[in-house]
Amino acid sequence: MYTFIMNKALAVKLNDKLAGLSPEETLSFFLKDFDGKISFSTSLGAEDQVITHMIADIDKSTPIFTLDTGRLFQETYELLYVTENKYNIKITVYFPHSKQVEKMVNENGINLFYESIEKRKLCCYIRKIEPLKRAMDGLDAWICGLRRDQLASRQNRRIVEWDELHNMLKINPLIYWTEKQVWDYIKNNNIPYNRLHDKGFPSIGCQPCTRSIKSGENIRAGRWWWEMEGHKECGLHQSPS
């Protein structure tokens, strides 16, 4: 069990300590030393399915959670069912507070997110950010599937970051992987994935806010596709401090 002092300096030290390790070795380190104080947040995207597979091989008792916004694709729900059964694991599902959703919709309309960035961020906060805070209560670290080449704003991210918003460590075991490495790993290990990926959806979120992309478009172009470039984050992954 770890005896670290949780702060930004620790993230720097751990990046040095973990330099050169594989994602599996990185996960093994944190799942052992942060036992009981770490969880994996999965959106059931391709990268997260890779991490789920790795965690299931290392320690099936590792807490894994996902956020159900109430507006996901049916394919995402089907993948949740398939994943739990394939790996014999339980993924805890967190929902937004119904009263908050009711108030938001009754005051702003069912599809408020199309009207302005501010209203879209309000929807993201109620359906995603607030449930995430509840899911991470009592943790010292969380694991997610970010990669550097997903967005220009993620180019400087590292394996270990200090998450100022949640006052904990954030672990990105696949941060240096390419998209090809992700899909090669999925195919080589027969990992279940969202079938929308086969229909031109590189990134899959809520159904009203996600579309397929055309050849040559940025892989995040299908997220909040009606907005200008530069607003392609929901708030779950703020820039590291």
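Residues numbered from 1 in each chain as written. Predicted model: local features only at pLDDT ≥ 70, side-chain atom pairs only at ≥ 80, totals over all residues. Heavy atoms only, no water.

Caption draft 1: Representation of the overall build of the protein chain in the model. Looking only at helices and strands, the protein chain has seven helices and six strands in total. Along the chain direction, N to C, the helices and strands of the protein chain fall in the order α-α-β-α-β-α-β-α-α-β-β-β-α. Relative to its full complement of 241 residues, the protein chain shows a buried share of 52%. Pairs at least 24 apart in sequence give 69% of the contacts found in the protein chain among residues at least 6 apart. Here the protein chain displays about 11,900 Å² of accessible surface, and carbon together with sulfur accounts for 50% of that area. (Helix = DSSP H or I, 4+ residues; strand = E, 2+ residues; numbered from the N terminus. Buried < 20%, exposed > 50% of the residue type's maximum accessible area, 1.4 Å probe, protein only. Contact = heavy atoms within 4.5 Å. Areas by Shrake-Rupley, 256 points an atom, 1.4 Å probe, with all protein chains shown as cover.)

Caption draft 2: Examining unusual backbone geometry more closely. Unlike most non-glycine residues, Asn88 shows phi in positive territory, near 55°. Following the sequence through the fold, Asn88 ends up in the loop between helix H4 (74-87) and strand S3 (91-94).

Caption draft 3: Spotlight on the sheet that holds strand S2 (residues 64-67). Strand order in the open sheet made by the six strands is S3-S2-S1-S4-S6-S5, with mixed pairing throughout. With one partner strand each, in any of the chains shown, S3 and strand S5 (160-163) form the two edges of the open sheet. For this sheet, the mean angle separating the axes of adjacent strands, direction not counted, is 30°. Where strand S1 (residues 38-41) lies against S2, two bridges are found, and the strand directions are parallel. (Pairing = 2+ DSSP bridges. Axes fitted to C-alpha atoms, helices over the stretch in contact; angles between N-to-C directions.)

Caption draft 4: Region of the structure containing the pattern of salt bridges. Summed over all chains, the structure comprises eleven salt bridges. In this structure, Arg147 engages Glu47 in a salt bridge whose closest nitrogen and oxygen atoms are separated by 2.8 Å. Of this pair, Arg147 sits in the loop between strand S4 (141-143) and S5 while Glu47 is found in helix H3 (residues 46-58), placing the two residues 100 residues apart along the sequence. For the pair shown, Arg147 and Glu47 are each scored as buried. With a closest N to O distance of 2.7 Å, Asp184 and Lys180 form a salt bridge. One end of the pair is Asp184 and the other is Lys180, both in helix H7 (residues 179-188) and four residues apart, which spans about a single turn. Connected through shared salt-bridge partners, Glu47, Arg147 and Asp149 make up one network. (Salt bridge = Lys/Arg side-chain N within 4 Å of Asp/Glu carboxyl O.)

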